[in-house]
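Close look at the chain arrangement
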Amino acid sequence: MADNVKFTDYDEINCLLNDVVSSVRDFTENQLEQIRRLTQIGVALSAERNIDRLLELIVEEARRFTNADGGTLYIMSGDEKALQFEIVQNDSLNVRMGGTAGEITWPPVQLYNEDGTLNYSNVSSYTALSGKTVNISDVYHAEKFNFEGTRKYDSETGYRSRSMLVIPMRNHENDIIGILQLLNAQDSSGGKAIPFSVESQELTESLASQAAIALSNNSLIKDLENLFESFVKTIATAIDEKSPYTGDHGRRVVDLTMLIANKINEVKNGHFKDIHFDKYEINELRIAAWLHDVGKVAIPEYVMDKSTKLKTVFDRIELLRTRFEVLKRDMNIDYLKRKQDKSEFSDAEVSHEDYNHEVKKLEEDYEFLVAINKSADFISDDNIKRVKAIASRKWMMDGGWQVLINDDEIQNLSIRRGTLTDEERDIINNHAAITFKMLSQMPFPKKLKNVPIYAGSHHECLSGEGYPQGLKGDEISLQARILALADVFEALTARDRPYRKGNTLSQALKILGFMVKDNHLDADIFDLFVKEKIYLNYAKKELSPSQIDKVELEKIK
Ligand SMILES: [Fe+2]
Ligand SMILES: [Fe+2]
C-alpha cells in the first residue's frame, strides 16, 4: 500500500469502483435484456403467417423497442419504383391504419422524380435508394430532406413531429424490400420526444433485418402456395379439357365438397354436431377435390369418352356401313346378272320382290345394329342372338369371303348395358388407383398429407363394392365420403355433357337416395345434403332453371 494514500481515499476509490462495476453490470444486463427481447421478437415474427398481422407486429415491436410514439412501414412496389404505405401507427393521435385495419389509400412515395432523377429529398425514398439509416433529432431542423408533408400533417392534426429513425429492411439477397420509419422516441416519463439513441438505432436495425427475413419468408411461402394452387387448378382443368364429356367437373366437385364440409362445420345438431374441420383440414379436402380425377390423365380418350359400343378411336359402325353397302352392291350385281342370264339358267332367276325383300332385310339389319350401337339401355338375349345371326353373314373382300361382323365387334355390340366392355370399364375404374399412385408420389407437406388418400378413395363404397381398394364402412374417411357424394351429384346434374341432359334435382336426389340404400354413399352426409338444402344452394348457381324442380322429400328417402 502506498504511504501517501489516506484511508478515506481508499473508501472513495472503492465506492467509485463499485459504481463502475454496477454501471457496467446494469449496462450489460440492459444489453442482454435487449438482445433477449430481440430474439423473442424474431421468433414471434417468424411464427406469424398472417401477412397483415406480421406487418403490424413489425411496427408494434419496433415502436415498443425504441419507445416510439409513431411508426410507418413502407413496402417496395413490385417494379421497385415506389414505396407503398402498409402500416401507419401513432399512439398520441390514436391512429391505426393498414394491416388488419384495412388498406391505406395514401399515394405511394415515388423513388423517382418526374424528370427521372432519384428522389433524395424524401427521407424514406432516400433510405430506400441509398440503403442508409437516417437518424434525425428534429425533423423541423433537418435541412437535407423535404418535410413539408410532415409539417402539413402536423398542422392538420396538431401533432409535433420531432425525432425520426428511418431504417432500410433488407432481405436475404440484400435487396431493400421495405422501410421502417419510427417517430418521436419518448423519454422514460412518456411525455417528451427525445432523439433516438445510437444503441436503439443499432438494435432497431437488427430488428428490421429480422423483420425483412420474416417478410420475405412469408412472401416466399405465399408465392409457393399460390404456385401450387394454380398448378393444381391447371392440372384439374387440363383433365376436364381433355374430354368434352367432363365439362367443368373438377371445379364443380370442389364447390360441392366445400358446401358440404362447411355445412358440417356449421351445424350444431344432428350427426355432425361434434365434427369440425379446421382451416387446414378444409384446405386439404379442397385440394383433394381438385385432384380427385387426376388419374384420368393416363386413361386413353377412346375409352374415357366411348360414346357408342363400337367406338374406338372412331366409331366402327362406319366400317359396318361400308360392308353392308358392299353387300348390297354385290346383291344388286348378282340380281342383274341372274336376270340377264335368265334364258340360259331359268332356275337361277331371282324375282324382283325377292330381291327387294332381301335388300330391305339388309337395311333393317343395319338400322338394328345402328340402334344397338348407340343404345344405353339393357340389351336382351334375343337382340344379342340377332347380332350374332347378322354377324355370320359373309361378304366378299380381296377375293375371299369374310364374316360381316368380327368377334371383337360382336363382343362390343353384345355389351349388356352402356358402351363399355368389362376390360374398358376396368381401364376407366383404374383412374382412381392411378390418382392415388400419382399423388402418393408427390411430397405433400404435412398439412396436405391426406390428399392422396381422400382423392384416391372417391369411388370406394361403404358396402365394399367400390374401387380401387374395395374399402368398407369406417375404412373410408369422412372426407372421401363427402367427395364421393359430391362427385356423383355433379355427374348426375351436369348439363354440359354432350351425350345427355342433366337430371332434374328430384331425379338426381332420388338416384342418390337409391345409392344410399344400396350402402354406396353415406346416409348421414346425404341427410345433411337434403335437410340443409345444400343441393339447392348448388343448383341455384350451377343448374339451369328447368332442372330445379320441386323436390318432394318423402319420395327421395
Ligand atoms: Fe372419378
Ligand atoms: Fe370425378
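So, a few notes on the structure that sits alongside this text. (Residues numbered from 1 in each chain as written. Chains lettered and ligands numbered in written order. Predicted model: local features only at pLDDT ≥ 70, side-chain atom pairs only at ≥ 80, totals over all residues. Heavy atoms only, no water.)

**Some points on helix H15 (residues 478-493)**
Taking 1.5 Å as the rise per residue, H15 with 16 residues should run 22 Å; its terminal C-alpha atoms sit 23 Å apart, in good agreement. Where burial is concerned, most of H15 is hidden: 15 out of the 16 residues are buried. (Helix = DSSP H or I, 4+ residues; strand = E, 2+ residues; numbered from the N terminus. Expected span 1.5 Å × (residues − 1). Buried < 20%, exposed > 50% of the residue type's maximum accessible area, 1.4 Å probe, protein only.)

**Let's talk about the packing of helix H6 (residues 249-266) against helix H17 (residues 523-531)**
Across the interface, H6 lies against H17 with an axial gap of 11 Å and an inter-helix angle of 95°. Considered as vectors, H6 and H17 are oriented roughly perpendicular to each other. Of H17, the residues touching H6 (which contributes Leu256, Ile260, Lys263 and Ile264) are Ile525, Leu528 and Phe529. Taken together, the residues of the contact of H6 with H17 sort by class into six nonpolar, no polar and one charged. (Axes fitted to C-alpha atoms, helices over the stretch in contact; angles between N-to-C directions. Parallel < 35°, antiparallel > 145°, perpendicular 65-115°, else oblique. Contact = heavy atoms within 4.5 Å. Nonpolar A, V, L, I, M, F, W, Y, C, P; charged D, E, K, R; others polar.)

**Some remarks on the pairing of strand S1 (residues 68-76)**
In terms of burial, S1 is a largely internal element, nine of the nine residues being buried. Pairing of S1 with strand S7 (residues 176-186), which is carried by seven bridges, proceeds in the antiparallel orientation. In the sheet register, Leu73 faces S7, and the bridge partner there is Leu180. Across seven bridges, S1 lies against strand S2 (residues 82-90) in antiparallel orientation. Along S2, the bridge assignment pairs Leu73 with Ile87. Hairpin connection, S1 to S2: the antiparallel pair is bridged by five residues, and Glu80 has positive phi, about 60°. (Pairing = 2+ DSSP bridges.)

By themselves these figures say nothing about function.
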